[in-house]
Amino acid sequence: MSKEPLFVAVSNQKGGVGKSALTVVLSSYLHFEKNLNVAIIDCDSPQHSLVRMRERDKKAAANNAYYQQLLNQQWERVKKKAYPIVGATAEKAREAADELAANGDYDLIFVDLPGTVESTGVFRTIVNMDYVLTPTTPDLIIMQSTLAFSTTVLDYVRNTKDVPLKDIIFFWNRLKKRTNVEVFKSYSEVMRELHLTVLDSTLPDLCRYEKEITHCKRAFFRCTMLPPPARQLEGSGIAELAEELIVKLKLVQS
Ligand SMILES: Nc1ncnc2c1ncn2[C@@H]1O[C@H](COP(=O)(O)OP(=O)(O)OP(=O)(O)O)[C@@H](O)[C@H]1O
Ligand SMILES: [Mg+2]
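Everything in this summary refers to the structure shown in the same document. Computed from a predicted model, the values in this text were never measured in an experiment.

## Regarding helix α1 (residues 19–33)
An ideal rise of 1.5 Å per residue puts 21 Å on 15 residues; α1 measures up with 20 Å between its terminal C-alpha atoms. One or two residues past the end of α1 sits Asn35, with phi positive at roughly 55°.

Structure below.
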């Protein structure tokens, strides 16, 4: 019998906060380095950027002996295939996740939601997840709408019976050394006062996010078939974020 996975939406109704990039980097890290079985539902329709990233990665790997070798070594080490990435609309994400879960043994299914979640169908998707993971950046406009939307969802959950959603877990992404310290500090305080769950791990703004295996260089970060190499992982905060999530979501590595 297949086990019941944890359903986690990666959501923030603001675009460009890192939902898709982090869904992929975290999935690759958890799947290949942490022995968790992961799947992604890509709801960024109609462009489906993660489904397309997988196609790009496959093609790039097939044409490059170095990446072929890395994939072979990975296979020898973990004996695991790449995780599935399935396209769906945001309204039908839970159904798509259920279908995947019925046909495989997953520990964790990430649902990468698009930047617009204004419809009631998407609200339904969100409250039918186990958790929502919300990357946010220290930007006044982004913070205002993120907090307004998230508190609406949390109020609904508190006042409605039998809603699967347990919590919204926030974390900071794209922290720059100097420029946005003030916004970061004041909003961290506001979030504490609102009793929101905020992870200790923070992710710095780094150029390496643009590095894919399609660039034919040996340094890559964002890949759907390989976790970031140790040198790229260092200083990115991804390993720390993953460890914190494993504890918070009570994920059991098999
Ligand atoms: N910590 C980071 N440092 C630097 N660049 C980052 C970081 N996180 C994400 N990015 C980059 O920011 C850009 C936007 O990220 P991404 O596409 O993941 O955002 P999104 O929240 O999924 O947006 P949308 O709502 O439009 O789907 C991408 O080019 C991504 O590589
Ligand atoms: Mg996206």
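## Here's the deal with the packing of α1 against helix α9 (residues 238–248)
α9 packs onto α1 with a crossing angle of 70° between their chain directions and a minimal axis gap of 10 Å. If you check the angle between α1 and α9, you find them roughly perpendicular. Crossing handedness for the pair α1 and α9: right-handed. From α1, Val25, Leu26, Tyr29 and Leu30 reach across to α9, where they touch Ile238, Ala239 and Ala242. Here the contact of α1 with α9 is composed, by residue class, of seven nonpolar, no polar and no charged.

## What to know about the packing of α1 against helix α2 (residues 49–62)
Packing of α1 against α2 brings their axes to within 10 Å, and their N-to-C directions diverge by 50°. As the angle between them shows, α1 and α2 are arranged oblique. The chirality of how α1 crosses α2 is right-handed. Every residue of α2 that contacts α1 at Ser20, Thr23 and Val24 is listed here: Ser49, Leu50 and Met53. In the contact of α1 with α2, the residues fall into three nonpolar, three polar and no charged.

## Considering the nonpolar core
In terms of nonpolar packing, the biggest core is built from 56 residues, with Val8, Ile41, Ile109 and Val111 touching the most fellow members. If one sorts the elements of this core by residue count, α1 sits on top with seven residues. When residues no more than four places from it in sequence are discounted, the contact partners of Ile109 are Pro5, Phe7, Ala39, Ile41, Ala97, Leu100 and Ala101.

## What about the sheet that holds strand β3 (residues 85–87)?
Across the sheet, seven strands lie side by side as β3-β2-β4-β1-β5-β6-β7; this open sheet has parallel pairing. Strands with a single pairing partner mark the edges of an open sheet, and in this sheet they are β3 and β7 (197–204). On average, adjacent strands in this sheet sit at an angle of 25° to one another, irrespective of strand direction. Running over the sheet, α1 touches β1 (6–10), β2 (38–42), β4 (108–112), β5 (131–136) and β6 (167–175) and is turned about 165° from β4. α9 contacts β6 and β7 of the sheet and is inclined by roughly 165° relative to β7.

## Description of helix α6 (residues 140–159)
End to end, α6 covers 29 Å across 20 residues, agreeing with the expected 28 Å (1.5 Å per residue, within 8%). Where α6 is buried, its residues contact β5 and β6.

## Regarding the site of ligand 1
Among the 17 residues in the neighbourhood of ligand 1, the closest are listed as Gly15, Gly18, Lys19, Ala21 and Gly115. For the shell around ligand 1, the elements supplying multiple residues, two or more each, are α1 and β6. Top element by residues in the shell around ligand 1 is α1. It accounts for three residues. In terms of residue class, the shell around ligand 1 is made up of six nonpolar, six polar and five charged.

## Thoughts on the pairing of β6
One ladder, built from six bridges, connects β5 with β6; its direction is parallel. The partner of Tyr131 across the bridge, within β6, is Asp167. This β-α-β element, β5 to α6 to β6, shows right-handed connectivity. Two strands pair when backbone bridges link them, and β6 and β7 are joined in this way by four bridges, in the parallel orientation. Considered in β7, the bridge of Trp172 is made with Thr202.

So, how was this worked out
- Residues numbered from 1 in each chain as written.
- Chains lettered and ligands numbered in written order.
- Predicted model: local features only at pLDDT ≥ 70, side-chain atom pairs only at ≥ 80, totals over all residues.
- Helix = DSSP H or I, 4+ residues; strand = E, 2+ residues; numbered from the N terminus.
- Expected span 1.5 Å × (residues − 1).
- Axes fitted to C-alpha atoms, helices over the stretch in contact; angles between N-to-C directions.
- Parallel < 35°, antiparallel > 145°, perpendicular 65-115°, else oblique.
- Left-handed = near helix turned anticlockwise from the far one by under 90°.
- Contact = placed C-beta atoms within 7 Å.
- Nonpolar A, V, L, I, M, F, W, Y, C, P; charged D, E, K, R; others polar.
- Core = buried A, V, L, I, M, F, W, Y, C linked by C-beta atoms within 7 Å.
- Buried ≥ 20, exposed ≤ 12 C-beta atoms within 10 Å, placed from the backbone.
- Pairing = 2+ DSSP bridges.
- Near = placed C-beta within 6 Å.
- Right-handed = clockwise from strand over helix to strand, strands pointing away.

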